[in-house]
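Now for the letters of each chain:
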Amino acid sequence: MPMQKTIPELLQSRPYVLAPEIYDCISAKCVEACGFEATVLSSSEFANSYGYPDLGLLTLDDFVDVTRRICRCSPLPMIVDAEEGFGRPLHAYLTAERLAEAGAGGILITDLVDIGIKGMLPIEEAVLRFKAAKAGLAGTKCILVARTEFTPENPQLAYDRCNRYLDLGAEMTLIHFGINKAANPNKSEVCEEIAKHVPGWKWFPDLQESDRGVNLSEMAKLGFNFVGAHYCRTSAMQGMYDYGMHVFERQDNCYVYEKAEKPLNAPDPYSIGFKEWYKRESDLLQDSDILNKGNYKMFRRFV
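Conventions adopted
Residues numbered from 1 in each chain as written. Predicted model: local features only at pLDDT ≥ 70, side-chain atom pairs only at ≥ 80, totals over all residues. Heavy atoms only, no water. Helix = DSSP H or I, 4+ residues; strand = E, 2+ residues; numbered from the N terminus. Rg over C-alpha atoms; globule rule 2.2 N^0.38 Å. Buried < 20%, exposed > 50% of the residue type's maximum accessible area, 1.4 Å probe, protein only. Contact = heavy atoms within 4.5 Å. Areas by Shrake-Rupley, 256 points an atom, 1.4 Å probe, with all protein chains shown as cover. Lys, Arg positive; Asp, Glu negative; His and termini not counted. Charge placed at Lys NZ, Arg CZ, Asp CG, Glu CD. Phe/Tyr/Trp six-rings, centres within 6.5 Å; stacked < 30°, edge-to-face > 60°. Pairing = 2+ DSSP bridges. Axes fitted to C-alpha atoms, helices over the stretch in contact; angles between N-to-C directions. Right-handed = clockwise from strand over helix to strand, strands pointing away. Polar contact = N/O pair within 3.5 Å; in protein donor to acceptor, adjacent residues only side chain to side chain. Core = buried A, V, L, I, M, F, W, Y, C linked by side-chain atoms within 4.5 Å.

1. Focus on the overall build of the chain
Looking only at helices and strands, one finds 13 helices and 8 strands in the chain. Expected size for 303 residues packed as a compact globule is a radius of gyration near 19 Å; at 21 Å, the chain falls within 12% of this value. Taking the principal axes of the C-alpha coordinates as reference, the chain spans close to 65 × 45 × 35 Å. Buried residues in the chain amount to 44% of all 303 residues. Within the chain, contacts between residues separated by at least 24 positions form 67% of all contacts whose residues are at least 6 apart in sequence. Looking at the chain as shown, the accessible area adds up to about 15,800 Å², and 54% of this sits on carbon and sulfur atoms. Charged side chains of the chain number 33 positive and 42 negative; the gap between the two group centres comes to 5 Å.

2. A closer look at the packing of aromatic side chains
Evaluation of the coordinates by the stated rule reveals 14 aromatic pairs. Residues F36 and Y231 carry aromatic rings whose centres are separated by 6.3 Å and whose planes lie at 35° to one another, so their mutual orientation is tilted. Of this pair, F36 sits in the loop between α2 (25-34) and β2 (39-41) while Y231 sits in the loop between β8 (224-230) and α10 (232-250), placing them 195 residues apart in sequence. We classify F36 as partly exposed; its relative accessible area is 23%. Look at Y231 and you get partly exposed, because its relative accessible area is 30%. For the ring pair F46 and F63, a centre distance of 5.2 Å and an interplane angle of 85° mean the geometry is edge-to-face.

3. With respect to the sheet that holds strand β1 (residues 17-22)
The 8 strands are arranged β1-β2-β3-β4-β5-β6-β7-β8 in a closed barrel whose pairing can be described as parallel. Each adjacent strand pair in this sheet contributes to an overall mean axis angle of 25°, direction not counted. Where strand β4 (residues 106-110) lies against strand β5 (residues 143-149), 5 bridges are found, and the strand directions are parallel. Residue pairing for β5: I107 is matched across the bridge by L144. Running at roughly 160° to strand β7 (residues 201-204), helix α8 (residues 187-197) makes contact with β6 (172-176), β7 and β8 of the sheet.

4. Remarks on the environment of D206
Mapped onto the fold, D206 is located in the loop between β7 and α9 (216-221). The exposure class of D206 is buried, given its relative accessible area of 17%. Separated by 66 residues in the primary sequence, D206 and T140 place their C-alpha atoms 27 Å from one another. In contact with D206, other than residues within four places in its own chain, are E21, H176, K187, D211, G228 and H230.

5. A short note on the pairing of β5
Along any regular strand the residues' side chains alternate between the sheet's two faces. With 7 of its 7 residues buried, β5 lies for the most part within the structure. Bridging between β5 and β6 involves 5 bridges; their strand directions are parallel. Within β6, the residue paired with E149 across the bridge is H176. Following the chain from β5 across helix α7 (residues 155-167) to the adjacent parallel β6, one finds a crossover that is right-handed.

6. Re α2
All of the buried residues in α2 are C25, S27, A28, K29 and V31. Buried residues along α2 sit against β1, β2, α4 (60-73) and α10. Two or three places before I26, at the opening of α2, D24 has a side-chain oxygen 3.3 Å from that residue's backbone nitrogen. Count one or two residues on from α2 and you reach G35, which has phi positive near 105°.

7. Quick word on the nonpolar core
Residues L41, F63, I70, L99 and I107 are the most contacted members of the largest nonpolar core, which totals 42 residues. Sorting the residues of this core by element identifies α2, α3 (43-49), α4, β3 (78-81), α5 (89-101), β4, α6 (123-136) and β5 as the ones contributing at least two each. The element best represented in this core is α4, accounting for 7 residues. Residues within four places of L99 in sequence aside, it is in contact with L60, F63, V64, T67, V80, A82, A104 and I107. Counting residues in each nonpolar core, the second largest holds 16 residues, with F150, Y159, L166 and I175 among its members.

8. Examining unusual backbone geometry
A positive phi is found at F86, a non-glycine position, where the angle reads about 70°. Among the residues examined, F86 registers a relative accessible area of 19% and is labelled buried. A positive phi angle, near 50°, is found at D206, a position not held by glycine.

Here it is in structure tokens:
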């Protein structure tokens, strides 16, 4: 499904973009129904959906597959957290090329040596990684987001790295606070300082409970125009736990029907992709009565 708008088009049309971090087609459709205009494929939530911890255990093929599936069912532009690019610079090139072909609106790559074992690449090796990734995106509408770590004892190191990556063609930078935290716990003040040294679009990472006082409009004035937010995994698990405990305790399945009312915009899980595949089969078979056959009888309310 073509993107409604590219990431640059969104960023050029509003002060900032708040993008939930998703992991599958259902989370993508729920985010879309809420009115959000962009998403992030979270590498950690995606790994958890496969039953893995966030240790870089999934492969490029895994990421390409889920990217293709999500982008087929949702028109929202999605930035894919492609971790360290899955290897040496040539792998970063292939990662960027394949994810763009799968429909990604952006590729986030880090300059960590390895996702599972922290530590940044020497700067010249990192430059080669990002240069290769940018080359892999040539001719596409997919942007490159370059991530580095915030080094409390030497924040200038992070600033310098971001500027090198921007010179290579990265459209956005992310100085990650979640691993090596800044000495100052006030993110707003940290962002003000970053903005003095790093130009262009910047990613405000992962809204936390502690960020209640952060004004995103003010952050946008500093160039923090893209904001990630994790909530899909937690909300899905809490909802399934709540329903499951009622089913288990009552030993019936009435609770799900008692709670079945949902907001008008919320997608019915059975409806996802139905119109597309119904039209395809009805066109192939030239059968005007197909809605009265097989599983189509159950889903004809979606036509």
